[in-house]
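Below, each chain spelled out in residue letters.
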Amino acid sequence: MASDRAPASDTEAARFLLRAKFSATSADIADLRRLGYRGWLAQQFAAPRGQTGAEWLDAAGYGAITEDGRYFWPQFGDHMIWNQLLAQPDEMRQRAAFALSQFFVVSLNPIDGFWPPYMLAGWWDVLARNAFGNFRTLLEEVTLNPAMGMYLNTLGNLKEDPASGRQPDENYAREIMQLFTIGLYALNPDGTPKRDAAGNPNETYRQEDVTQLARVFTGYDRDMSRVERTDVAWLDYPVPSREFCRDPMVLDPAKHSALPVDFLGLHIPAGTDGRTALALALDHLFAHPNVGPFFGHQMIQRLVTSNPSPAYVARVAAAFDDNGKGVRGDLKAVWTAVLTDPEALAPWDPRTGGKLREPVLRYAGWARTVGVESETGKWEIYDLSNAGLSLGQSPLRSPSVFNFFRPGYVPPQTAIAEAGMVAPEFQLANETSIAGYTNFLQWAIHTGYADVKPTYAAMMDFAHDTPELVRWLNLHLAADQLSSETCALIESAVAGLGVTAESDEEAKRNALASACLLVMCAPEYLVQK
Amino acid sequence: MSGIVTRSLTRRALLQRASQLGVMGAAAPLAMELASASEAAAQAASGDDYRALVCVFLYGGNDHANTLVPYDRRNHARYAAIRGNLAFRRELLRDTVLEPRVPQTLTDDQRFALAPYCPRLKVLFDSGKMAIQLNVGSLITPLTLAEYNSPDRAKYPLPPKLFSHNDQQSFWQALGSEGSTIGWGGRLGDLALSSNAQSLLTCISASGNAVFVSGREALQYQIAPSGAIPFRPVKRLPWSTPAVSAALEQLVTRPSGHLFENELARLARRSMAMEGVVNGALDKVSLETSFDLVPGENPLADQLRIVARLIGARRELGSKRQVFFVSLDEFDHHNDLAPKHAKLMAQVDEAIAAFYMATVELGVASQVTTFTASDFGRTLASNSDGSDHGWGSHHFVVGGAVRGGRYYGTAPHMSVETDDQVGQGRLLPSTAIDQYAATLASWFGVPDSEMATVLPNIGNFATRNLGFV
């Protein structure tokens, strides 16, 4: 089996590592070559958690009740997630959670009220804590998380009221089917749509299924049982403590619909208690044969390639269905199948292999490779969504529950479209973002972004040795996917800076940043194969 | 010239204002300016052969029932009974009651008011510059409720994935579900490409990538609110050398045998080539209409301002026919509808009014037509403090060429039981997107013989021109 093997070269090792996590340091490459794919993955799965988002917010002092009302400020949520992605040691877990955050989407944008950063941290913790766990557990924690409750309106969702005509909110019922489990169309195990005799796909659910399932998600609200309230002089209401941001929502049976539920062939009798109804509904969705191929296909797209073969999807779906020990939904088995599939490890198709590297992955990968530090410890990176002024993508800042880009996105009028391929990440690519990205890098990788500055500590020793510098960056940032022609172009330009071993640190930094800029703007780097 | 029209509102001021009845104060100057502007515009009108369509997309599904609200007592009472705490109290609507220029009798003798946060749109309606298309939505063929409920889908096809955001966004923009690659705005662009000196400036998005402005040949050109974004490190790297800048340019633009890599290079070449042209032309545009905005506070106005500036640069750029796309997010108001909808509709009101005044200033008011679109309408029924995904909705068409001050189409009953809705007040559209689009396309210059190439299902509908422009 491929997963029993070890990479045959540093190049192969770096290629694997840049999918499994953000960066491929020299130590990572050595570990992976020594342990083999399976051994290395086992080590990652067993690795201790870093600081959680909430722990980090506490340590940074963002939990303090202050007169400037910072308990309402969302931006510490941005600092928190950037710290997680750029600096926490459980890097593969962070990478996996980031992939999950694009399947189960919550965005900070509409999260308001008390303690938005802690709401976001509570959400991120659900993804990070369950990243190597089981899909069914994750699905339930996702459903009951208060940030998700606020985002898709389970929080405060009330049962029907015949007198006023009020209906349960359908948002979560719809999106849990469309986006979080089964998708719109019945799938074969290889992810291709099942078609009827006329060639039409079969829709998985109808509006009536949504309306019925919506009853299951009524009656939930924040758990305030552990919350303490602090009276402050400057407010005429108390400030709650932060437990409600993390604790799962609680059920108020009086607000839960007692109507029967019939959806997708499941009957939940009238009067079933809320927690039982929830378990039955989630079990039913989890057992649907679509989940493996639907989820597996998107995880392949996030980590490896935009256009996996049906056979590759089928192998990942099979791992989802059964981890080899009869367990369904084991995410460790899914990551292993995605990352060690023969198709993933084989040479790429020179015309269509791989995927466009997301802006967040470029920045995080660079940061963890060259070394960055926050002088203040506050990691003051804000919302980087603006494509004209910054990165054009910001973690946990998706514009909607449909993520930054759709798995089936086809860039119009391109050779990609003509070839019948999809390229999800191209949904973020346009005349503005492609230029805005280079402008962002110009400062971020040289002077630094806000207080997050590159150290380039490990690279200063060879900053003057341009061939070595370019070789090093090619391996660590691009898994040697820059052609010799590209490397020669970069070498020649950077050598022109005339840096020597005796040059001062500023001159060396200029050379290092020049080389990084050229590598990170090269299409051969931007398309991760 | 119209700073007072578009004075930006802070959220707090907005909510305060909504709770007061003096809301029309903000729009009164607009009415005066419109009266004088029509003369000024007539003099300023260049008479040049130019037309532009501007799609304002309200992402998330606008709550139509709290945008256009019944005001007559009987229908308001029905509305209030169904919507409960979502409903506007009648007295809040007094200042935004719409006055058709010629009396119109609507279903159940309904009279409508706009949401109280839309005083400027009321002025545009009353002065004949804005038309309202009632209950328009995605259809393949005309459909009755019985046909909608019929199991015979071959005979009565439905648009794919009704009530689903992404698919219905795609249907509004491209008349197909997600994955469609050709939008009807792009098809209009295809037919107009040869009119423009810079063919790339035919279909322009000031929002993100949108299939609406992608044609078979016409490409979407994307522009930021500030204008075209330069590759700054290609021009100059303060901490490096011109040789590194030159290498950067070479790297990002070099063709590749890999389709994805090559596409990035194509994009970079396009971006660089157009940046100088576009920004050079924009620099020469003087636009005095104040959008008066705190940057980022009204993203729709920011986008419409760059559209206005591009229109101002039309001669410099050799543009004769253009299709623009702008958008505003977060209309999916499942909860907290009242304050969230207030904030967004106030932004729509400010932005569209400012943009209209900008076209007056530029002398092209009759050559630019702006229309709204959205994923879908929403349920009339409440889910306690929000509404759910619906189908048909009401939309606005604004411009000097618009036959405004009146309604088009059929007003739905204020009901969750009648046969013009499919449950919970989800409107069964009585007008198709194809008809709405064909009317706009016809004004844009598409001959009737070409209409079916732009709108493949238009042949299924008896009326091709709804007459609003």
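Residues numbered from 1 in each chain as written. Chains lettered and ligands numbered in written order. Predicted model: local features only at pLDDT ≥ 70, side-chain atom pairs only at ≥ 80, totals over all residues.

Student: Just to check I follow, could you spell out the overall build of chain B for this structure?
Tutor: Helix and strand counts for chain B stand at 15 helices and 11 strands. Taking all 469 residues of chain B together, 59% fall into the buried category. Here the analysis covers contacts within chain B between residues at least 6 apart in sequence; of these, 75% occur between residues at least 24 apart. (Helix = DSSP H or I, 4+ residues; strand = E, 2+ residues; numbered from the N terminus. Buried ≥ 20, exposed ≤ 12 C-beta atoms within 10 Å, placed from the backbone. Contact = placed C-beta atoms within 7 Å.)

Student: Before we go on, may I ask you to explain the overall build of chain A in this structure?
Tutor: Counting its secondary structure elements, chain A contains 22 helices and 10 strands. A globule of 529 residues ought to have a C-alpha radius of gyration of about 24 Å, and chain A, at 24 Å, matches this closely. Seen through its principal axes, chain A has C-alpha atoms that stretch 80 × 70 × 45 Å. Out of the 529 residues in chain A, the part that is buried amounts to 57%. (Rg over C-alpha atoms; globule rule 2.2 N^0.38 Å.)

Student: Before we go on, may I ask you to explain the interface of chain A and chain B in this structure?
Tutor: Interfaces are often sized by the accessible area lost when the parts come together. Counting from both sides, the interface comprises 66 residues of chain A and, opposite them, 65 residues of chain B. At the level of elements, helix 9 (171-178), helix 17 (415-418), helix 18 (431-444), helix 20 (484-495), helix 21 (505-521) and helix 22 (523-526) of chain A are the ones that each hand at least two residues to the side of chain A that touches chain B. Looking at the side of chain A that touches chain B element by element, the count peaks at eight residues for helix 18 of chain A. Considered class by class, the residues forming the side of chain A that touches chain B number 32 nonpolar, 27 polar and seven charged. (Nonpolar A, V, L, I, M, F, W, Y, C, P; charged D, E, K, R; others polar.)

Student: Honestly, the nonpolar core in this entry has me stumped. Any pointers?
Tutor: Note that soluble globular proteins tend to have their nonpolar side chains buried in a common cluster. If you look at the biggest cluster of nonpolar residues, it comprises 318 residues, and the most contacted ones within it are Leu120(A), Val338(A), Ala515(A), Cys516(A), Leu518(A) and Val519(A). In this view, Leu518(A) contacts Ile490(A), Ala493(A), Val244(B), Ala247(B), Leu248(B) and Leu251(B); residues no more than four positions away in its chain are not counted. (Core = buried A, V, L, I, M, F, W, Y, C linked by C-beta atoms within 7 Å.)

Student: Even after reading the chapter, I still don't get the environment of Val326(B), so can you show me in this structure?
Tutor: Residue and element names in this part refer to chain B. Relative to the assigned elements, Val326 resides in strand 7 (residues 321-328). Classification of Val326 by C-beta neighbours within 10 Å gives buried; the count is 27. Counting along the chain gives 271 residues from Val326 to Cys55, while the straight-line C-alpha distance between them is 6.2 Å. Once you skip the residues sitting within four places of it in the chain, Val326 turns out to touch Val54, Val56, Ala206, Ser207, Leu300, Gln303, Leu304 and Val307.

Student: I would appreciate a short explanation of the pairing of strand 4 (residues 130-137) of chain B in the present structure.
Tutor: The two faces of a sheet get side chains in turn, since along a regular strand they alternate between them. All names here are of chain B. Burial of strand 4 is extensive: eight of the eight residues sit out of reach of the surface. Here strand 4 runs beside strand 9 (residues 393-398); their pairing, made up of five bridges, is antiparallel. Residue pairing in the sheet places Val136 in a bridge with Ser393 of strand 9. In the sheet, strand 4 pairs with strand 11 (residues 431-432) via two bridges, with the strands oriented parallel. (Pairing = 2+ DSSP bridges.)

Student: Whenever I open this one, the environment of Asp4(A) confuses me. Can you help?
Tutor: Positionally, Asp4(A) belongs in the segment before helix 1 (10-20). Through-space distance from the C-alpha of Asp4(A) to that of Ser374(A) is 39 Å; in sequence the pair is 370 residues apart.

Student: Teacher, can you tell me more about the confidence of the model for chain B here?
Tutor: Note that predicted coordinates carrying low pLDDT should not be read in detail. Residues and elements named next belong to chain B. On average, residues of chain B carry a pLDDT of 91, and 90% of them reach 70 or more. Across residues 1-23, confidence stays below pLDDT 50; counting only partners more than four residues off in sequence or on other chains, it has 51 contacts. For this predicted complex, the interface confidence score (ipTM) comes to 0.97, while the overall pTM stands at 0.94. (pLDDT = per-residue confidence, 0-100.)

Student: Looking at this structure, I do not really get the packing of helix 20 of chain A against helix 9 (residues 242-253) of chain B. What am I missing?
Tutor: Between two packed helices, both the angle of their axes relative to each other and the distance between the axes serve to describe the pair. Relative to each other, helix 20 of chain A and helix 9 of chain B sit at 165°, their axes nearing to 8 Å. In terms of orientation, helix 20 of chain A lies roughly antiparallel with respect to helix 9 of chain B. Between helix 20 of chain A and helix 9 of chain B lies a crossing of left-handed hand. Of helix 9 of chain B, the residues touching helix 20 of chain A (which contributes Thr486(A), Leu489(A), Ile490(A), Ala493(A) and Val494(A)) are Ala243(B), Val244(B), Ala247(B), Gln250(B) and Leu251(B). Partitioned by chemical class, the residues of the contact of helix 20 of chain A with helix 9 of chain B number eight nonpolar, two polar and no charged. (Axes fitted to C-alpha atoms, helices over the stretch in contact; angles between N-to-C directions. Parallel < 35°, antiparallel > 145°, perpendicular 65-115°, else oblique. Left-handed = near helix turned anticlockwise from the far one by under 90°.)

Student: Quick question: what am I supposed to make of unusual backbone geometry here?
Tutor: What is expected of a backbone is that most residues other than glycine have negative phi and most peptide bonds are trans. Located in the positive-phi region is Asp480(A), a residue other than glycine, with phi close to 60°. For Asp480(A), a count of 17 C-beta atoms within 10 Å translates into the label partly exposed.

Student: Any chance you could explain the pairing of strand 1 (residues 51-58) of chain B here in plain terms?
Tutor: Residues and elements named next belong to chain B. Within strand 1, eight of the eight residues are buried, which leaves it mostly tucked inside the rest of the structure. Residue alternation in strand 1 divides its side chains into two sets, Arg51, Leu53, Cys55 and Phe57 and Ala52, Val54, Val56 and Leu58, and both sets are buried. Where strand 1 lies against strand 7, eight bridges are found, and the strand directions are parallel. Its bridge partner being in strand 7, Leu53 is matched across the sheet by Val323. When strand 1 meets strand 8 (residues 368-374), the two strands line up parallel, connected through seven bridges. Across the sheet, residue Val54 finds its bridge partner in strand 8, namely Thr370.

Student: I keep staring at helix 13 (residues 310-321) of chain A and nothing clicks. Help me out?
Tutor: What sets the pattern is the α-helix's 3.6 residues per turn: residues three or four places apart point alike. Residue and element names in this part refer to chain A. Between the first and last C-alpha of helix 13 there are 16 Å, a value that for 12 residues agrees with the 16 Å anticipated at 1.5 Å per step. Of all the residues in helix 13, the buried ones are Tyr312, Val313, Ala314, Arg315, Val316, Ala317, Ala319 and Phe320. Next to the buried residues of helix 13 lie helix 12 (291-303), helix 14 (331-340) and helix 15 (342-345). (Expected span 1.5 Å × (residues − 1).)

Student: In this structure, what is going on with the environment of Asn510(A)? I would like to understand it.
Tutor: Position of Asn510(A) among the secondary structure elements: in helix 21. Remark: the alpha-carbon pair of Asn510(A) and Ser225(A), spanning 285 residues in sequence, is separated by 55 Å. Non-local contacts of Asn510(A), meaning those with residues more than four positions away in its chain, are made with Leu497(A), Trp239(B) and Ser240(B).

Student: I keep staring at the packing of helix 4 (residues 119-126) of chain B against helix 13 (residues 337-361) of chain B and nothing clicks. Help me out?
Tutor: All names here are of chain B. Direction vectors running N to C along helix 4 and helix 13 enclose 45°, while the axes themselves pass 7 Å from each other. Considering their axes alone, helix 4 and helix 13 lie oblique with respect to each other. Residue-level contacts link Pro119, Arg120, Leu121 and Leu124 of helix 4 to Asp349, Glu350, Ile352, Ala353 and Tyr356 of helix 13.

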